[in-house]
Amino acid sequence: MMIHSLALPPSDAEVDAWLAVLASAAAADLPQLPPPSRVEVAGRLCVTPARGRPVLWTAGAGEGAGEGAGEGAGEGAGESEGVAALLLFTEEGNTHTAFLDVLTVRPGARRRGVGTALWERVREELLADGRTSVAAMLDLGGPGQAFAEAMGFENVLPMAWYAQDVPPAAAAPAGAAADGPAQPPATPGYELLTWYGLVPDAWAPAAAAAHAAMEDAPTGDMDERIQTWTPERLHALQQLILDRGGDMITVAAVTPGGEVAAYTEIVLPDPEGTSALQYDTVVVPAHRGHGLGRAVKRHMAAQAAARHPQLRRIATTVADENGPMRAVNEALGYRRERGVGIYQIKL
């Protein structure tokens, strides 16, 4: 088993080989979900994350496979058997830990030691860099959970994926206003604003302050520490989404005094795709109890459908212990799809 490190950024051929591994695994493990998009995969591989240093590996069957193009037994020449992506955090306070973004093996190459070989290379990198822990997000009940538990990972934050359908009727008709076809929900005392891409400079300090309210969200026993939100950090993380080819929309409930009382964010990793990811939804503690969480999320669904008429699905993760957000999602029509967890191992 040959493990190859990929130079950054990877070539188009390496991106295609990586995508082929993810697509074959997704078709076997999560056939009910849309397949991975090349736009998203290429963006994640080719654009350096804002939070750390990425390291990429592919697994091949022997010499002559080339960087990222191993011959998978039974899978066809020139194909990788497995891939792994590690993010070594460089943020202050998190240089002791890391995130294993991907460790995936083609279905036809499983139970042949491919995953173990990749994990050993990942572990070597972690130890050489002085890391004492690493975490990964894994679907429950699938091959990833079984493999991780066999390696010694533990579920430190039980969560679940929830999804909301976006019906075609919600899309904007021809000639609809740029801010969406639907009137904003009533939020007495607050105004709902919509921002596409980066939060405007004038609102960035207030938006960063509202992001700090995420500190009371459940984090379980994760080693990763919450970072201080600043306008610069907010813009850097949003710019990364755009640089990777995605689109981002933020809806905020703001006060007459210029405070962001609540906000929600949605990301389309591939703006031409049919699926979106619901990122943070936060209501600042002083403004809770006014229905702002439901209001911003309801308005977001209308705004996203108006901007992306092909959008059919919005998915998000919520920690099992976050009862208030699960109640908000249920009221808006989100359904629980499958369990997921943040798995972590101490090295």
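Preceding this section is the structure that the text describes.
Residues numbered from 1 in each chain as written. Predicted model: local features only at pLDDT ≥ 70, side-chain atom pairs only at ≥ 80, totals over all residues. Heavy atoms only, no water.

### Quick notes on the overall build of the chain
Counting secondary structure elements, the chain contains eight helices and 12 strands. With 347 residues in all, the chain has 49% of them scored as buried. Carbon and sulfur atoms form 53% of the exposed surface of the chain, whose accessible area is close to 15400 Å². (Helix = DSSP H or I, 4+ residues; strand = E, 2+ residues; numbered from the N terminus. Buried < 20%, exposed > 50% of the residue type's maximum accessible area, 1.4 Å probe, protein only. Areas by Shrake-Rupley, 256 points an atom, 1.4 Å probe, with all protein chains shown as cover.)

### Notes on the side chain of Arg-244
Topologically, Arg-244 is positioned in the loop between α6 (231–243) and β8 (247–254). A polar side-chain atom of Arg-244 sits 3.4 Å from the main-chain carbonyl oxygen of Val-47. Ignoring anything within four residues of it in the chain, the contact list for Arg-244 reads Val-39, Gly-43, Arg-44, Val-47 and Pro-49. (Polar contact = N/O pair within 3.5 Å; in protein donor to acceptor, adjacent residues only side chain to side chain. Contact = heavy atoms within 4.5 Å.)

### Here's the deal with unusual backbone geometry
Leu-8 connects to Pro-9 through a cis peptide bond whose omega is -5°. As for its placement among the helices and strands, Pro-9 is situated in the loop between β1 (2–5) and α1 (12–29). Notably, Arg-111 is not glycine yet its phi reads approximately 65°, a positive angle. When you line up the elements, Arg-111 lands in the loop between β4 (98–105) and α3 (114–128). Judged by relative accessible area, which is 86%, Arg-111 ranks as exposed.

### Examining the environment of Phe-99
Looking at the element boundaries, Phe-99 is found in strand β4. Residues Phe-99 and Ala-135 lie 36 residues apart in sequence; the distance between their C-alpha atoms is 4.9 Å. Sequence-distant contacts of Phe-99, that is, excluding residues within four places in its chain, are made with Ala-85, Leu-86, Leu-87, Phe-89, Val-134, Ala-135, Ala-136 and Met-137.

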